[in-house]
Amino acid sequence: MSPAAELEKPFLPFSKPTFNDDEIQEVIQCLKSGWITTGPRVQKFEEDLKNYLNCPHVLTLASGTAGLYIALKALDLQENDEVITTAFTFVATLNTIVMAGAKPVLVDIDPKTYNIDILEVEKAITPKTRVILPVHFAGLSVDLDPLYALAKKHNLIVLEDAAQAIGTRYKNKMIGEFGDLQVFSFHPNKNMTTIEGGALSLHHDKFLKKISTARFHGIDRDIWDRFTKKGSQHYDVVEPALKFNMSDVQAGIGIHQLKKLEKFIDQREKLANRYFEKLKGWTELFLPPHPQNFDHKHSWHLFAPCLNIESVGFSRDDLIQKMKDLGIGIGLHYDAPHLFTYYQKTFGYKIGDFPHTEWVSDRIFSLPLFPLMTGEEQDRVIEGLAHIFNKTI
Ligand SMILES: *Cc1c(COP(=O)(O)O)cnc(C)c1O
């Protein structure tokens, strides 16, 4: 099809949430019920998440960022305590470490996975290290067994940024089924959404109290009980905190999204496989990592190849613009966060510190991928790329 004809078509976004009447009716019911903030729907959504993840404790939150923040706060990090994390992530991973009062210590990625390089983690451990914070980038599980073994050896906590990994499996277990702490995001671009929202799963009772009070003003009692006949109006605060609870309107949406999540992931997987099939052998691209050397199930939050800029002779940003000109939305996940002004200025990071991260960050782009994307829409993406690369397909 000619580029002119392409432009006649509606803009194809790189991501789109999937709703139907289930979510719409639930929101209406919730609004009519008279109880719209944290209440029975949040309670049910948390139960459903516990069952889905097979995890003893799940707390819903206003966002994934809130989850990272309160998990780190609950660990009582002191100034100069170090949190080791990946250099290739969304900036929330770094910001929350700083906001919780600790120091982010970045390490480079493994170019075979784009996830944190476990050998680099080991090298970065010092007597001040308290936490390892891996990110399951794009829905691909970090190889967790060696990471947890390392954490155990050095008596460190592992906080998994699983914002992109709801439904991801590692060795036939859900991310969130084992380990220390995991944080999920339900932002509209993620594999399921509550508009905004997040959840934290934890496996040790010892953090539960701290985390649940950190979620709501430091108030030491269940929020819901406070407003029902069960509880009295009194409460105590042992430590001040902010407010990160999820509303019942959001949880009502989440209850239905969670029921469909496995189907969403199946759809994503089909589309990802089709991208692999159609783009196989294209010298202009490096296809996304999908390692086979450990047992895992990818949840395909993103399908993010790298552009072979040396071969095509133009930049990734040029490619994004050219695709946009064809009416096709492309995501960018992520600009390397160590090069943001604050992180350069405060921690002295500079270009050249994390070569693999910077290589990927200069070349990566996220192709359209969402459960309701049609084969025809996917063909548009593939034809658009072929057109830009002057390829016949
Ligand atoms: C989306 C995301 C977050 C933040 O989640 P929010 O719900 O938007 O606050 C954090 N880390 C990573 C890796 C993410 O992709």
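Attention here is on the structure that accompanies the text.

Along its length, the chain carries 15 helices and 12 strands. By the compact-globule yardstick of 21 Å for 393 residues, the chain fits well, its C-alpha radius of gyration being 22 Å. Principal-axis analysis of the C-alpha atoms gives the chain an extent of 70 × 55 × 40 Å. For the chain, with 393 residues in total, the buried portion stands at 58%. Intrachain contacts of the chain at a sequence separation of at least 6 include 71% that bridge at least 24 residues.

Around the ligand sit 16 residues in total, of which Gly-64, Thr-65, Asp-161, Ser-185 and Lys-190 are the nearest. At 2.8 Å, a side-chain N or O of Gln-164 approaches an oxygen atom of the ligand. Within the contact set of the ligand, an oxygen atom lies 3.1 Å away from a side-chain nitrogen or oxygen of Lys-190. Relative to its free-state accessible area of 380 Å², the ligand is covered by the protein chains to the extent of 93%. Residue assignment for the shell around the ligand shows that the elements contributing at least two residues are α4 (64–74) and α5 (91–99). Within the shell around the ligand, the residues separate by chemical class into five nonpolar, nine polar and two charged.

Basis of the calculations
- Residues numbered from 1 in each chain as written.
- Predicted model: local features only at pLDDT ≥ 70, side-chain atom pairs only at ≥ 80, totals over all residues.
- Heavy atoms only, no water.
- Helix = DSSP H or I, 4+ residues; strand = E, 2+ residues; numbered from the N terminus.
- Rg over C-alpha atoms; globule rule 2.2 N^0.38 Å.
- Buried < 20%, exposed > 50% of the residue type's maximum accessible area, 1.4 Å probe, protein only.
- Contact = heavy atoms within 4.5 Å.
- Near = heavy atom within 4 Å.
- Polar contact = N/O pair within 3.5 Å; in protein donor to acceptor, adjacent residues only side chain to side chain.
- Areas by Shrake-Rupley, 256 points an atom, 1.4 Å probe, with all protein chains shown as cover.
- Nonpolar A, V, L, I, M, F, W, Y, C, P; charged D, E, K, R; others polar.

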